[in-house]
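These are the residues of each chain, in order.
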Amino acid sequence: MDELQPPHRGGPPWLSGARSRTAAAGLPWVSTAVLLVFVMVGTGFAEEGQGRRPLDLAARLLLFVAVGVLLLRRRRPVVAVATTCAATLVYLAAGYPYGPVFVAVAVGCFSAIVTGHRKAAWWSLGGLWAGHILVSHWLYRWLPPDGDRAAPWTQQGFITAWVVAVVAAAELLRVRREQWAAARAEREAAERRRADEERLRMARELHDVLAHSISVINVQAGVGLALLDSDPEQARTALTTIKGASKEALDEVRQVLANLRTPGDAPTSPAPGLDRLPELVEQAAAAGLTVTVESESEGDPAAVPPGAGLAAFRIVQEALTNVVRHSGSRTAEVCVGYGPGRLRLRIDDAGPATGGDAGGSGNGLVGMRERAAALGGTIEAGPRPDGGFQVLAELPFTGPDRDRRPPEPPEETL
């Protein structure tokens, strides 16, 4: 209430548990000073016509203690509420007039309950209530002012209702504050999950881009070194292929990393899709691999949403990379089937595997399965009976909107 706090989603900032360390460690000087002035001035007006003991220095000191201890209501809420209730009980037992001192009691009770010290608040407020009954109905004969009479039970009923209202309001505020904290924690967890998913997506993209391009570069570098002396022209061709593959890899890495741009900016270039399969075929040919592409169309290829197209492109790219790196065959077949609401891929490698690494042993197959699973699809990859290797993928989709992130629920407002 006293320090300017940044706004917190999910509840008023002065009730939020996400205060800064400086604010949490500070003392509520301003609000306590305002409350002290209100109690002191208000009690002076309230004493008129009550017929109780007039305010004197002792009364002012008791009021000062009852309000001043609320400076500790954030650091020591139990001490604050207990001292406020005790000072108020002594003030009333001394015969001083009723007045705004009960506001200080309410503030101390609220602070204790919303910070989790419910029993301390109940015991303190209950002790004040019971003490007031004892003073106003049995001990008034021996307490000032002289000639005082027992308080009417209607007055006690009003005080009882006030106590119940304070406790109920404080409990309601505590429950509401816990709900705000739970909603905030859920939102933060969801944001962390989205951040983790984005990091995983970028890691897959970088793996697929770099693994494919570096494999082509590695093969062509070996060809260039082998033919450097005997066939310089062929070595030059290999170096040209290396230059083209490295440039494309750099462009795609920049595209992936462009997702770190300012939120809300438009993408700098479209994500790759199956329309770029000819580029993969050319890159594979540069690496010495002959790729045959077949298309089976039972549906509309234009209906494939961007997310499914990107996943299919990366699956084919990773499968061809594995053929280049781990297969003794120089041929591969890619079959793309467009069905109603689904996309089927089949990549065949005639084999045999070199070095016992059929299909690869790194993260390539894991990345394929993750991409398919993200769309609700499946991947089957394994050796064929004739010694080759086959990758089968089925990617379902319902339309271009499938890959859009669902809208977040509306913010809670007061």
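Residues numbered from 1 in each chain as written. Predicted model: local features only at pLDDT ≥ 70, side-chain atom pairs only at ≥ 80, totals over all residues. Heavy atoms only, no water.

A short note on the overall build of the chain
For step 1, the next point in the chain: Regarding its fold elements, the chain presents eleven helices and five strands.
For step 2, the next point in the chain: Classification of the 414 residues of the chain by burial places 40% in the buried group.
For step 3, the next point in the chain: Across the chain, the fraction of contacts at a sequence separation of at least 24, relative to all contacts at a separation of at least 6, is 73%.
For step 4, the next point in the chain: As displayed, the chain offers around 22,500 Å² of accessible surface, 62% of which is attributable to carbon and sulfur atoms. (Helix = DSSP H or I, 4+ residues; strand = E, 2+ residues; numbered from the N terminus. Buried < 20%, exposed > 50% of the residue type's maximum accessible area, 1.4 Å probe, protein only. Contact = heavy atoms within 4.5 Å. Areas by Shrake-Rupley, 256 points an atom, 1.4 Å probe, with all protein chains shown as cover.)

Quick look at the sheet that holds strand S2 (residues 331–339)
For step 1, the next point in the chain: Across the sheet, five strands lie side by side as S1-S2-S3-S5-S4; this open sheet has mixed pairing. The sheet is open, and its two edges are formed by strand S1 (290–297) and strand S4 (378–383), each paired on a single side. Taken over all neighbouring pairs, the strand axes of this sheet differ in orientation by 10 degrees on average, direction set aside.
For step 2, the next point in the chain: With respect to the sheet, helix H10 (residues 306–326) is in contact with S1, S2, strand S3 (342–349), S4 and strand S5 (389–396), its orientation differing from that of S3 by roughly 5 degrees. (Pairing = 2+ DSSP bridges. Axes fitted to C-alpha atoms, helices over the stretch in contact; angles between N-to-C directions.)

A few points about empty space enclosed by the protein
Unoccupied space between atoms shows up once a probe the size of one water molecule is rolled over them.
For step 1, the next point in the chain: For the structure on display, the rule yields two cavities of 30 Å³ or more.
For step 2, the next point in the chain: Surrounding the second largest cavity, Leu92, Phe102, Leu125, Leu128, Trp129, His132, Ile159, Trp162 and Val163 form its lining.
For step 3, the next point in the chain: Element by element, the count of residues in the lining of the second largest cavity is highest for helix H6 (residues 118–137), at four residues.
For step 4, the next point in the chain: Partitioned by chemical class, the residues of the lining of the second largest cavity number eight nonpolar, one polar and no charged. (1 Å grid on protein atoms, 1.4 Å probe; cavity = no way out; pocket = protein on both sides within 12 Å on 5 of 7 lines; lining within 4 Å. Points joined across faces, edges and corners; volume = space filled by probe spheres on them. Nonpolar A, V, L, I, M, F, W, Y, C, P; charged D, E, K, R; others polar.)

So, the nonpolar core
For step 1, the next point in the chain: One finds Leu320 and Leu343 to be the most contacted residues of the largest nonpolar core, which totals 37 residues.
For step 2, the next point in the chain: Elements with a minimum of two residues in this core: helix H9 (277–286), H10, S2, S3, helix H11 (364–374) and S5.
For step 3, the next point in the chain: The element that contributes the greatest number of residues to this core is H10, accounting for ten residues.
For step 4, the next point in the chain: If you look at the next biggest cluster of nonpolar residues, it comprises 20 residues, including Leu63, Tyr91, Ala94 and Tyr98. (Core = buried A, V, L, I, M, F, W, Y, C linked by side-chain atoms within 4.5 Å.)

Here we look at the packing of aromatic side chains
For step 1, the next point in the chain: Within the structure shown, the criterion is met by two aromatic pairs.
For step 2, the next point in the chain: On the basis of an interplanar angle of 25 degrees and a centroid distance of 5.4 Å, the ring pair of Tyr91 and Tyr96 is categorised as stacked. Side by side, Tyr91 and Tyr96 carry an identical accessibility label, which is buried.
For step 3, the next point in the chain: A centroid spacing of 6.3 Å and a plane angle of 15 degrees characterise the contact between Tyr98 and Phe102, whose relative ring orientation is stacked. Both residues of the pair, Tyr98 and Phe102, count as buried. (Phe/Tyr/Trp six-rings, centres within 6.5 Å; stacked < 30°, edge-to-face > 60°.)

Re the pattern of salt bridges
For step 1, the next point in the chain: Under the counting rule described, the total for this entry stands at nine salt bridges.
For step 2, the next point in the chain: Residue Glu171 is joined to Arg118 by a salt bridge in which the shortest nitrogen-to-oxygen separation is 3.1 Å. Here Glu171 is found in helix H7 (residues 153–227), whereas its partner Arg118 is found in helix H6, with 53 residues between them in sequence.
For step 3, the next point in the chain: One salt bridge in this structure joins Arg342 and Glu394, with 3.9 Å as the shortest N-O distance. Here Arg342, found in strand S3, pairs with Glu394, found in strand S5; they are 52 residues apart in sequence, far enough to count as distant. (Salt bridge = Lys/Arg side-chain N within 4 Å of Asp/Glu carboxyl O.)

Notes on the environment of Ala121
For step 1, the next point in the chain: In this structure, Ala121 sits in helix H6.
For step 2, the next point in the chain: The sequence separation of Ala121 and Val78 amounts to 43 residues, and the corresponding C-alpha distance is 7.2 Å.
For step 3, the next point in the chain: When residues no more than four places from it in sequence are discounted, the contact partners of Ala121 are Val81, Cys109, Ala112 and Ile113.

With respect to a nonpolar patch on the surface
For step 1, the next point in the chain: On the surface, Leu134, Trp138, Leu139 and Trp142 cluster together into a nonpolar patch covering about 470 Å² of accessible area.
For step 2, the next point in the chain: Within the secondary structure layout, Leu139 lies in the loop between H6 and H7.
For step 3, the next point in the chain: By relative accessible area, Leu139 is classed as partly exposed at 33%. (Patch = residues over 30% accessible without salt bridge, like charges linked within 9 Å, V, L, I, M, F, W, Y side chains within 5 Å.)

Some words on the environment of Ala112
For step 1, the next point in the chain: Position of Ala112 relative to the elements: it lies in helix H5 (residues 101–114).
For step 2, the next point in the chain: Classification of Ala112 by relative accessible area gives buried; the value is 0%.
For step 3, the next point in the chain: Not counting chain neighbours up to four residues away, the residues in contact with Ala112 comprise Pro77, Val81, His117, Arg118 and Ala121.

Points about the environment of Val167
For step 1, the next point in the chain: Relative to the elements of secondary structure, Val167 occurs in helix H7.
For step 2, the next point in the chain: Put simply, Val167 and Ala121 are 46 residues apart on the chain and 8.5 Å apart in space, counted from C-alpha to C-alpha.
For step 3, the next point in the chain: Beyond its immediate stretch of four places on either side in the chain, Val167 contacts Ile113, Trp122 and Leu125.

So, the side chain of Thr88
For step 1, the next point in the chain: Here Thr88 shows up in helix H4 (residues 77–93).
For step 2, the next point in the chain: On the accessibility criterion, Thr88 (0% relative accessible area) is buried.
For step 3, the next point in the chain: The contact partners of Thr88, leaving out residues within four places of it in the chain, are Ala66, Val101, Phe102, Val105 and Leu128.

Looking at the confidence of the model for the chain
For step 1, the next point in the chain: The predicted model of the chain has a mean per-residue pLDDT of 77, with 78% of residues at 70 or higher.
For step 2, the next point in the chain: Looking across the chain, the model is least confident in helix H1 (residues 21–25), with a mean pLDDT of 41, and most confident in helix H3 (residues 57–68), with 94. (pLDDT = per-residue confidence, 0-100.)

Quick look at the packing of helix H2 (residues 29–46) against H3
For step 1, the next point in the chain: Direction vectors running N to C along H2 and H3 enclose 150 degrees, while the axes themselves pass 9 Å from each other. By the angle class used here, H2 and H3 are roughly antiparallel. As for how H2 packs across H3, the hand of that crossing is right-handed. From H2, Thr32, Leu35, Leu36, Val39, Met40 and Thr43 reach across to H3, where they touch Arg60, Leu63, Phe64, Val67 and Gly68.
For step 2, the next point in the chain: In terms of residue class, the contact of H2 with H3 is made up of seven nonpolar, three polar and one charged. (Parallel < 35°, antiparallel > 145°, perpendicular 65-115°, else oblique. Left-handed = near helix turned anticlockwise from the far one by under 90°.)

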